[in-house]
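Examination of the molecular architecture
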Amino acid sequence: MVIDQELGEAYERAIAAIPSLRDATVPTPTAAEYPGSVLVDRDWLSARIVDTARRWACEDARVSATLWWYSASSTLLSVPASMLLATGLAPDPALAGLTCTLRTDGYLGTVRSVAGIRDDEVLAERLRSALDPIIAALSDLSGAGVRSLWAIATDSLGNRALDAGTALGSPALGSALAVRLADLIGPDLPRPRFVDVGRGGPAGADPRAAPASGSRRVVRRSSCCLIYETEPDPVAAEGVKCTSCPRQQPSVRAARLGALLG
């Protein structure tokens, strides 16, 4: 596919401003490229679920699909949100115009589009049209709940937009964009929530306001990647839960979030 010149230049500017974006937009020379349509191809998605199950020694397709989507949704939402913030031009997420690759661990690696979008309302519409059939297919193939998969997309949007805003010097730019896009996408995608973690622990954050001095803004997650369900030992399972995992006691999560400040 031939990429629009303006978009190609925007990719370069975005990577210069947010170097971590390179991993999601620049494929390795040996990576096999797939059309975006594979993201709704049942055979291709089934292969991703099986591959993830093998890597995690997990027999539950629901868990394997959730783990794969946790990573894939991060890649799919990181690029448009980050580039819109960094350059004012987001790649069009319509599946027909995407090319993607896989990482060596089987997760979604890079995603590139052939055209760009400046209007956030149009971007939200295209994101909804892209995410909806992917989530429906993954749910149907694995038994993972549709609402749970949308919640993962919410947290991916919140995290990646926040990362981009932080890299650009303004966490509030990122959290505000995440909320704006979620509201435009509609009720299937819950609004991302944020907390500012200070010395006194996490406190609810206004996504449009700058974090308080000395605090760090993080997503208050509403979703779980289910990684702990790959660990058969209940005690060890608690240890592999993410810092912000909602499936912890609130006091444990608050303490772990507070430790982010050292």
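Residues numbered from 1 in each chain as written. Predicted model: local features only at pLDDT ≥ 70, side-chain atom pairs only at ≥ 80, totals over all residues. Heavy atoms only, no water.

Of regular secondary structure, the protein possesses nine helices and eight strands. Here the C-alpha radius of gyration of the protein, 18 Å, is about what a compact globule of 262 residues would show, namely 18 Å. Put simply, the protein has 262 residues, and 49% of those count as buried. Contacts in the protein between residues far apart in sequence, at least 24 positions, make up 67% of those at least 6 positions apart. Accessible surface, the protein: about 12000 Å² in total, of which carbon and sulfur atoms supply 52%. In the protein, which carries 27 positive and 29 negative side-chain charges, the distance between the mean positions of the two groups comes to 6 Å. (Helix = DSSP H or I, 4+ residues; strand = E, 2+ residues; numbered from the N terminus. Rg over C-alpha atoms; globule rule 2.2 N^0.38 Å. Buried < 20%, exposed > 50% of the residue type's maximum accessible area, 1.4 Å probe, protein only. Contact = heavy atoms within 4.5 Å. Areas by Shrake-Rupley, 256 points an atom, 1.4 Å probe, with all protein chains shown as cover. Lys, Arg positive; Asp, Glu negative; His and termini not counted. Charge placed at Lys NZ, Arg CZ, Asp CG, Glu CD.)

Before going further, it helps to examine the pairing of strand β6 (residues 194-198). Counted residue by residue, β6 has five buried out of five residues, so it is predominantly covered. Every second residue of β6 is oriented toward a common face, with Phe 194, Asp 196 and Gly 198 on one face and Val 195 and Val 197 on the other, all of them buried. As paired elements, β6 and strand β8 (residues 216-219) share four bridges and run antiparallel to each other. Its bridge partner lying in β8, Val 195 is registered against Val 218. (Pairing = 2+ DSSP bridges.)

A word on helix α4 (residues 61-87). The end-to-end C-alpha separation of α4 is 39 Å, in line with the 39 Å expected for 27 residues at 1.5 Å each. Of all 27 residues in α4, 22 are buried, a share of seventy percent or more. Residue Asp 60 occupies the N-cap position of α4, its side-chain oxygen lying 2.9 Å from the main-chain nitrogen of Arg 62. Backbone geometry just after α4 places Gly 88 at a positive phi near 80°. (Expected span 1.5 Å × (residues − 1). Polar contact = N/O pair within 3.5 Å; in protein donor to acceptor, adjacent residues only side chain to side chain.)

The geometry of helix α1 (residues 5-17) relative to α4 is characterised by a closest axis approach of 9 Å and an angle of 85° between their N-to-C directions. Taken as axis vectors, α1 and α4 run roughly perpendicular relative to one another. When α1 is examined against α4, the residues Leu 7, Ala 10, Tyr 11, Arg 13, Ala 14 and Ala 17 are found in contact with a partner set consisting of Val 79, Met 83, Ala 86 and Thr 87. The residue inventory of the contact of α1 with α4, partitioned by class, reads eight nonpolar, one polar and one charged. (Axes fitted to C-alpha atoms, helices over the stretch in contact; angles between N-to-C directions. Parallel < 35°, antiparallel > 145°, perpendicular 65-115°, else oblique. Nonpolar A, V, L, I, M, F, W, Y, C, P; charged D, E, K, R; others polar.)

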